[in-house]
Amino acid sequence: MKYKTLLALSVASLLGATAAAAQPSYNYLGLEYTQGELLGEDFTGYGVEASVGLGQSLFLKGTASTSENDEDYFFQQWTGKPELMNYSAGLGVHAPLSEQADVVVAAKYIRSELDIGGSTVEADGFGIDAGIRATLTDNVELEGMVNYIDGDDFEEEIGYRADARFYLTPAFSLSIGYFDGDEGDAAEGVIAGLRLNF
């Protein structure tokens, strides 16, 4: 059902696009606020993201985020207030589906650090993101991504994320989104963000 919703979002983006809309930008800086569940507990988080376009179809992207919970949590042999830090860096490619929509695929390195009870648990892995970005008008952009994560320190996982972005000016936008790790205690929640294109 979740993937059908994501597909419907992507199709609606393409069918609803108008000739006045511009192609998505791959040069930007962004800030995000997250609220949801992590390891089965409520959490809040903050993050930054940056993307730089390379030529006509490539881009570099990096992210960093921190999430925390004020309640004590038992994880393996540790007990305490958990704080999770995530970092990623990768290379992506985008190709036009129309004048207003791109298909996007990106590969990335992922590092996570969980601080709990005075101890730190670290994990490294890789991820692949694939989806569609589409501008409905000059002021509205929709984005849907399927996320794959794996590695020696991560269990194989497939999740998704969907965002709606609203441009107040050609360079500045606000967004609201939803993400779901779709597996056990994986994170899920809502995201509010702001972005500056350059």
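None of the values given here were measured: they were computed from a predicted structure.

1. Describing the pairing of strand β12 (residues 188-197)
Then, number 1: Bridge analysis of strand β1 (residues 28-38) against β12 gives 10 bridges, and the strand direction is antiparallel. Across the sheet, the residue bridging to Tyr33 is Ala192, located in β12.
Then, number 2: Of the strand pairs in this sheet, strand β11 (residues 172-180) and β12 are connected by 9 bridges, and their pairing is antiparallel. From the neighbouring strand, Leu174 faces β12, where its bridge partner is Leu194.

2. Comments concerning the layout of surface pockets
Then, number 1: Estimated volume of the second largest pocket: approximately 200 Å³.
Then, number 2: Taken together, the residues that form the lining of the second largest pocket break down as 5 nonpolar, 7 polar and 2 charged.

3. Description of the side chain of Ser67
Then, number 1: Here Ser67 shows up in strand β3 (residues 58-68).
Then, number 2: Apart from residues lying up to four places away in sequence, Ser67 is in contact with Leu38, Phe43, Thr44, Gly45, Pro82, Glu83 and Leu84.

4. Overview of the nonpolar core
Then, number 1: Residues Leu38, Phe43, Leu84, Leu114, Ile116, Phe179 and Ile191 constitute the largest nonpolar core, which totals 7 residues.
Then, number 2: Residues Tyr26, Phe59, Ala106 and Met145 belong to the second largest nonpolar core, which totals 5 residues.

5. Some remarks on the packing of aromatic side chains
Then, number 1: Applying the stated criterion to the full structure yields 4 aromatic pairs.
Then, number 2: Look at Tyr33 and Tyr46: their rings are 5.4 Å apart centre to centre, the planes differ by 55°, and that puts the pair in the tilted class. Note that Tyr33 is positioned in strand β1 and Tyr46 in strand β2 (residues 41-54), a separation of 13 residues in sequence.
Then, number 3: Over the face of the ring belonging to Tyr28 we find Arg195, whose NZ or CZ atom lies 3.6 Å from the ring centre.

6. As for the environment of Pro82
Then, number 1: Here Pro82 lies in the loop between β5 (78-80) and β6 (83-96).
Then, number 2: Separated by 14 residues in sequence, Pro82 and Glu68 place their C-alpha atoms 5.8 Å apart.

Analysis parameters
- Residues numbered from 1 in each chain as written.
- Predicted model: local features only at pLDDT ≥ 70, side-chain atom pairs only at ≥ 80, totals over all residues.
- Heavy atoms only, no water.
- Pairing = 2+ DSSP bridges.
- Helix = DSSP H or I, 4+ residues; strand = E, 2+ residues; numbered from the N terminus.
- 1 Å grid on protein atoms, 1.4 Å probe; cavity = no way out; pocket = protein on both sides within 12 Å on 5 of 7 lines; lining within 4 Å.
- Points joined across faces, edges and corners; volume = space filled by probe spheres on them.
- Nonpolar A, V, L, I, M, F, W, Y, C, P; charged D, E, K, R; others polar.
- Contact = heavy atoms within 4.5 Å.
- Core = buried A, V, L, I, M, F, W, Y, C linked by side-chain atoms within 4.5 Å.
- Buried < 20%, exposed > 50% of the residue type's maximum accessible area, 1.4 Å probe, protein only.
- Phe/Tyr/Trp six-rings, centres within 6.5 Å; stacked < 30°, edge-to-face > 60°.
- Lys NZ or Arg CZ within 6 Å of the ring centre and 35° of its normal.

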